[in-house]
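So the chains spell out like this:
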Amino acid sequence: MEKNKQNNKEKRCIICNKPYNYQYDLFGRNCLMKLYTQLDIPNFRLISNKEKHLCNVIAHRNFKFFLSKDKKYALTKNYIALDYLKRMDLKSVDDIKLKLTENIKNISVFKRYTKSMLPIYPLNDFYKIYNDYIDFKNLLNENIKSNNKDFDETILKGFSIIFDANKISMPLYYTTFYEMQYMFWEIVVIGGLLANMKLSAYLMQISLTNSGEYEKEGNVLTIEDEKITKILFENDEFKEKINSLLTDTDINIENKLMRFSEKDLLLSLHDATLNLRANKKENDNWHIDIEILDKYDFTDIKNLKDYVTSTDSIIMSLFSSTLNNFAAISSSYNVIKPFNFVIKITNDDYKIEN
Ligand SMILES: [Zn+2]
């Protein structure tokens, strides 16, 4: 802004940050014309100063009259920033929307102009984030509409706009990218790539939603869930492994390393340890107590590639460097959080079926 007021200095559009050289203070010609459309302001040929007219219409819409130029510009900036945010369906920007609305309310002919009336972030940031959001949404919609569950390397790479490690320290980017990354893992990975890998999807969901307290050694999340019991005992490899350990009438196994080759178990439990206590009952069924301990860390799965013989393209995308790179970035954004867990299963009347 300050820069734009000095003559002879290069002026830059506050929306796109591109240089321009004519008399207006804020916007380059292209962005100004786009704003007329975006804000639904009728554009007549007779308007002599289009920038001034835009600011006047915005002031009028907000019932603000007789504003100084500074206040009118501040109002315009808040109004446009708010418009960008309203076009994005993101909960995380609600606070910023509120702040911009407050700013707009505060700007009046009766109040002295201060810089605090301006949006806390440059308009260029709102503009860039809005464009990233639109690209992200389009990419998501294109693939969901075509019911694509096979997000290949090329499609995945398109999402790299929201995986920008350099933006972590910039609050507006951090907030919006965080929410979009969250959507990415939920929709593309859990709903797409992991759609048929129930345990992996379940653990990934926890990785997104837990508060991060189970990352430290010794802090362990206990998972006791009928759904997990069902998933595991519907898995032939898991069932056979447990059954093969029930050789005596009184079993007590501790810290047994477990490795699986079936893709869902391989991805979700890679260096799990098993505790098993089992007693054979009079009816030949078993009382069993199972504990499976592991640390979930999605960035680790790239190390499993050598164990996989599958050429399944979905499995291959999970091991792709792009997805693992995204996982690393989402870990630094704290979107996905590694966690220690123990799955506990108790069955009072377990029957070995052949
Ligand atoms: Zn521009």
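Residues numbered from 1 in each chain as written. Predicted model: local features only at pLDDT ≥ 70, side-chain atom pairs only at ≥ 80, totals over all residues.

Quick one: what's the story with the overall build of the protein chain, residue by residue and with numbers?
Broken down by element type, the protein chain carries 14 helices and seven strands. A globule of 354 residues ought to have a C-alpha radius of gyration of about 20 Å, yet the protein chain, at 28 Å, is considerably larger. Its C-alpha atoms give the protein chain principal-axis dimensions of about 95 × 40 × 30 Å. Put simply, the protein chain has 354 residues, and 31% of those count as buried. In the protein chain, 61% of the contacts between residues at least 6 apart in sequence involve partners at least 24 apart. (Helix = DSSP H or I, 4+ residues; strand = E, 2+ residues; numbered from the N terminus. Rg over C-alpha atoms; globule rule 2.2 N^0.38 Å. Buried ≥ 20, exposed ≤ 12 C-beta atoms within 10 Å, placed from the backbone. Contact = placed C-beta atoms within 7 Å.)

Describe the confidence of the model for the protein chain, and please don't skip the residues or the numbers.
Within the protein chain, residue pLDDT values average 91, and 96% of them lie at 70 or more. Mean pLDDT values for the elements of the protein chain range from 51 in helix α1 (residues 2-5) up to 98 in helix α4 (residues 69-86). (pLDDT = per-residue confidence, 0-100.)

Please provide a residue-by-residue account of unusual backbone geometry, values included.
We note that Asn17 has phi near 70 degrees; this positive angle belongs to a residue other than glycine. The exposure class of Asn17 is partly exposed, given the 15 C-beta atoms found within 10 Å. Phi is positive for Phe66, close to 60 degrees, though the residue is something other than glycine. We classify Phe66 as exposed; it has 10 C-beta atoms within 10 Å.

How would you sum up the domain arrangement of the protein chain? Please name residues and give values.
What the domain assignment reports for the protein chain is domain 1 (2-125), domain 2 (128-193) and domain 3 (212-350). A C-alpha centroid distance of 28 Å is found between domain 2 and domain 3. Facing 15 residues of domain 2, the contacting portion of domain 3 comprises 14 residues. Mapped onto the side of domain 2 that touches domain 3, the elements with two or more residues apiece are α7 (153-158) and α8 (171-193). Looking at the side of domain 2 that touches domain 3, the element that brings in the most residues is α8, giving six residues. (Domains from an automatic or database assignment.)

An account of helix α5 (residues 94-106) is needed here, citing residue identities and associated values.
Given a rise of 1.5 Å per residue, 13 residues ought to cover 18 Å, and the 18 Å separating the end C-alpha atoms of α5 matches this to within 8%. Residues Ile96, Leu100, Asn103 and Ile104 constitute the buried set of α5. Projection of α5 onto a plane perpendicular to its axis shows the buried side chains occupying an angular sector of 100 degrees, all on one side. Facing away from the buried surface of α5 by more than 90 degrees, the exposed residues are Asp94, Asp95, Leu98, Glu102 and Lys105. The elements touched by buried residues of α5 are α4. (Expected span 1.5 Å × (residues − 1). Arc of directions from axis to C-beta.)

Can you lay out the packing of helix α3 (residues 50-61) against α4 for me, pointing to particular residues and giving the numbers?
The geometry of α3 relative to α4 is characterised by a closest axis approach of 9 Å and an angle of 75 degrees between their N-to-C directions. Judged by the inter-axis angle, α3 sits roughly perpendicular to α4. Between α3, through Cys55, Ile58 and Ala59, and α4, the contact on the second element is made entirely by Lys72, Tyr73, Leu75, Thr76 and Tyr79. For the contact of α3 with α4, the per-class residue count stands at six nonpolar, one polar and one charged. (Axes fitted to C-alpha atoms, helices over the stretch in contact; angles between N-to-C directions. Parallel < 35°, antiparallel > 145°, perpendicular 65-115°, else oblique. Nonpolar A, V, L, I, M, F, W, Y, C, P; charged D, E, K, R; others polar.)

Outline the environment of Ser108, listing residues and values.
Inspection of the secondary structure puts Ser108 in the loop between α5 and α6 (123-145). Classification of Ser108 by C-beta neighbours within 10 Å gives partly exposed; the count is 15. C-alpha of Ser108 to C-alpha of Glu217: the two residues are 109 residues apart in sequence and 56 Å apart in space.

Summarise the packing of α4 against α6; cite the residues concerned and give the values.
Contact geometry for α4 and α6: axes closest at 9 Å, N-to-C directions at 15 degrees. Put simply, α4 runs roughly parallel to α6. Both α4 and α6 take part in a crossing whose hand is left-handed. Of the residues in α6, those touching α4 at Lys77, Ile80, Ala81, Tyr84 and Leu85 are Leu123, Phe126, Tyr127 and Tyr130. Of the residues assigned to the contact of α4 with α6, the class counts are eight nonpolar, no polar and one charged. (Left-handed = near helix turned anticlockwise from the far one by under 90°.)

Explain the nonpolar core to me, and be specific about the residues and the numbers.
Of all hydrophobic cores here, the largest spans 86 residues; its most connected members are Ala81, Leu85 and Met204. When residues no more than four places from it in sequence are discounted, the contact partners of Ala81 are Leu100, Pro119, Leu123 and Phe126. (Core = buried A, V, L, I, M, F, W, Y, C linked by C-beta atoms within 7 Å.)

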